[in-house]
Amino acid sequence: MEILDCPLLSVNVRVWHFWSFVLVHNWRRYVSILPVTLLNVFMFADLYRAWGNIEEVIINAYFAVLYFNAVLRTLILVRNRQKYESFLRLIAFSLQSIDDETITKLVTVYTRRARVLSISNLALGAFISGCFVVYPLFTGQRGLPYGMFIPGVNNFDSPQYEIFYITQLVLTVPGCCMYIPYTSFFTSSTLFGLVQIKTLQHQLRTFRLQDLEAVTLFSIQFLSFGLMLCALLFLLNIVTVMAQIVIVGAYIFMILTQIFAFYWHSNEVREESMAIAEAAYSGPWLEVHNSIKKKLLLIIIRAQRPLEVTVGNVYPMTLEMFQSLLNASYSYFTLLRRVYN
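Because the structure is predicted, anything quoted here is derived from the model rather than measured.

Participant: Break down a nonpolar patch on the surface for me, with residues and values.
Facilitator: Residues Phe 44, Phe 68, Leu 72 and Ile 76 make up a contiguous nonpolar surface patch of roughly 340 Å² in combined accessible area. Ranked by residue count, the leading element in the nonpolar patch is helix H3 (residues 54-79), at three residues. As for its placement among the helices and strands, Leu 72 is situated in helix H3. You can call Leu 72 partly exposed: its relative accessible area is 40%.

Participant: Got a sec to walk through the packing of helix H1 (residues 10-18) against helix H5 (residues 101-134)? Specific residues and values, please.
Facilitator: Direction vectors running N to C along H1 and H5 enclose 45 degrees, while the axes themselves pass 8 Å from each other. With respect to each other, H1 and H5 are oriented oblique. Counting all contacts with H1, which are made through Ser 10, Val 11, Asn 12 and Val 15, the residues of H5 involved are Arg 115, Ser 118, Ile 119 and Leu 122.

Participant: Can you explain the packing of aromatic side chains? Please cite residues and give values.
Facilitator: If you walk through the whole model with that rule in mind, you get 14 aromatic pairs. Aromatic pair Tyr 84 and Phe 185: ring centres 6.2 Å apart, planes at 50 degrees, arrangement tilted. Taken as a pair, Tyr 84 in helix H4 (residues 81-96) and Phe 185 in helix H6 (residues 160-206) lie far apart in primary sequence, 101 residues in all. Of the residues examined, Tyr 84 reaches a relative accessible area of 9% and is grouped as buried. Aromatic rings pair up to connect Trp 16, Tyr 84, Phe 87, Tyr 182 and Phe 185 into one cluster. Here the guanidinium or amino end of Arg 28 rests over the ring plane of Phe 18, the centre of that ring lying 4.5 Å away. Sitting above the plane of the Tyr 179 ring, Arg 73 keeps its charged end 4.3 Å from the centroid.

Participant: Provide a residue-level description of the pattern of salt bridges, including the pertinent values.
Facilitator: Scanning the entire structure with this criterion turns up eight salt bridges. For Glu 162, the salt bridge is made with Arg 142, and the minimal N-O distance between the two is 3.3 Å. Here Glu 162 is found in helix H6, whereas its partner Arg 142 is found in the loop between H5 and H6, with 20 residues between them in sequence. Taken together, the shared-partner salt bridges connect Arg 81, Glu 85 and Arg 89 into one network.

Definitions and cut-offs
- Residues numbered from 1 in each chain as written.
- Predicted model: local features only at pLDDT ≥ 70, side-chain atom pairs only at ≥ 80, totals over all residues.
- Heavy atoms only, no water.
- Patch = residues over 30% accessible without salt bridge, like charges linked within 9 Å, V, L, I, M, F, W, Y side chains within 5 Å.
- Areas by Shrake-Rupley, 256 points an atom, 1.4 Å probe, with all protein chains shown as cover.
- Salt bridge = Lys/Arg side-chain N within 4 Å of Asp/Glu carboxyl O.
- Helix = DSSP H or I, 4+ residues; strand = E, 2+ residues; numbered from the N terminus.
- Buried < 20%, exposed > 50% of the residue type's maximum accessible area, 1.4 Å probe, protein only.
- Axes fitted to C-alpha atoms, helices over the stretch in contact; angles between N-to-C directions.
- Parallel < 35°, antiparallel > 145°, perpendicular 65-115°, else oblique.
- Contact = heavy atoms within 4.5 Å.
- Phe/Tyr/Trp six-rings, centres within 6.5 Å; stacked < 30°, edge-to-face > 60°.
- Lys NZ or Arg CZ within 6 Å of the ring centre and 35° of its normal.

What follows is the structure, encoded as structure tokens:
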């Protein structure tokens, strides 16, 4: 099975393939990465210029960090393109080689979930970004979607204002394509890990002296989401224009759904890995040779330590940590609001 034809991966990989981040190498890679990187530099320059105006700094800092994250993960993807392609081929080959009816049905369920999450992330990101990009047109005054500062240039004089606005409008498309598919790829990889764990459980319950498989997992750091959520909550508290409230609220919703998807599937990996010991004990181990019993005992002992996806090797991504992240974000928000008032 080709990588582009693998249903579990095709949504995200086709976006990467179009922009030539993986599988091919052409001009689209440079017309996406270089302009977005330059825009991100100007966004951070604008943060320095606007320091002291807390409302302007928060909303511009959010997009500056967002675009920096998009550029960074894209550069990592391109730099390690061969490793990513090898991992993608491994997933495609593993899913193609499944011939068990029970596992095939499981793959179908997880594939449907991965595609729904990937498509919904792309659609939601495109819709919210589109709303934010066209919002300055309805404010009655000149404004850019993303704050940017170029020394010696007035962004709001013609014709540079029109040029900058159209440039930001166009660069929103590759920006979304650099950020969102990488986010969805984490979920798809976690779902592949769940397929592997479920396959191992099924084989342990119905084994006939066959080999046992390991599980491949993929880990990404998401430390910045708590700060983003805190900043947007604070911005939602101080803005007064209804359109701004709706847009900021939509961004909060997008962040929460992404965080919840990360932690939900990572928590599912943890819970299912802990069920491996029960699956091994439920199999027909009484009928096998003592050497096989010893191997099963080792599996049961190892399964007492759950498989966990961690954030920067600091803490596991579980639903309990998701709740702690929300509590910490709200605590920072209330502290920031009290200081601001």
